[in-house]
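Here's the letter readout for the chains.
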Amino acid sequence: MTQISQSLVNRNISVIDPNSGQPHRTSIRLEEIEWEALREICARENMSINDFCCKADSDERRREHSRTSRIRSAILDHYRSQTGKLDS
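Along each chain, the written sequence defines residue order, and numbers are assigned to residues from 1. Per-residue local features are limited, in this predicted model, to residues with pLDDT of at least 70; the limit for side-chain atom pairs, both in listing and counting, is 80 or more; totals at the level of whole chains, interfaces and linings are taken over all residues. Hydrogens and waters are ignored; side-chain quantities use all the structure's heavy atoms.

**Q** Tell me what's going on with the environment of Val15, and back it up with residues and numbers.
**A** The topology assignment puts Val15 in strand β1 (residues 8-16). Sequence spacing of Val15 and Ser27 is twelve residues, and the spatial spacing of their C-alpha atoms is 9.9 Å. Contacts between residues were defined by any pair of non-hydrogen atoms, one from each residue, lying within 4.5 Å. Each residue touching Val15, except ones within four places of it in the same chain, is listed here: Gln22, Pro23, His24, Thr26, Cys53, Cys54, Asp57 and Arg67. The helix and strand labels rest on DSSP assignments: H or I over at least four residues marks a helix, E over at least two residues marks a strand, and numbering proceeds from the N terminus.

Take a look at the structure:
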């Protein structure tokens, strides 16, 4: 098992700007373990990290204040749904 650092890592992503509908580059800061989880989800779902982040960012059911929080919550929700724990 590999050791995963628990430090925050900034990475650039592209999301859809809600005003223009055009892709917009931005950066988000996640723990390395969250980036690893995001890569695993995207590989399993055959989607890009940008696509996952766009989906999480534009999901109207998400009430988190920041984009990063919406993405973190989407990662957690994905794993919760895999274990059958959908209750909030």
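After presenting the structure, the write-up continues.
**Q** Explain the layout of surface pockets to me, and be specific about the residues and the numbers.
**A** Each cavity reported here is a set of points on a 1 Å grid over the protein atoms alone in which a 1.4 Å probe fits but cannot get out, each pocket an open set with protein on both sides within 12 Å along at least five of seven lines, and each lining residue one with an atom within 4 Å of a point. Grid points are joined across faces, edges and corners, and a volume is the space filled by probe spheres set on the points. Taken as a whole, the largest pocket holds about 420 Å³ of empty space. In this structure, the largest pocket is lined by 15 residues; those nearest its centre are Asp59, Arg61, Arg62, Ala74 and Asp77. When contributions to the lining of the largest pocket are tallied by element, the ones reaching two or more residues are α1 (32-45), α2 (49-58) and α3 (67-82). If you tally residues by element for the lining of the largest pocket, the top one is α3, at four residues. Side-chain classes follow a simple rule in which Ala, Val, Leu, Ile, Met, Phe, Trp, Tyr, Cys and Pro form the nonpolar group, Asp, Glu, Lys and Arg form the charged group, and the remainder, Gly included, forms the polar group. Split by residue class, the lining of the largest pocket holds five nonpolar, two polar and eight charged.

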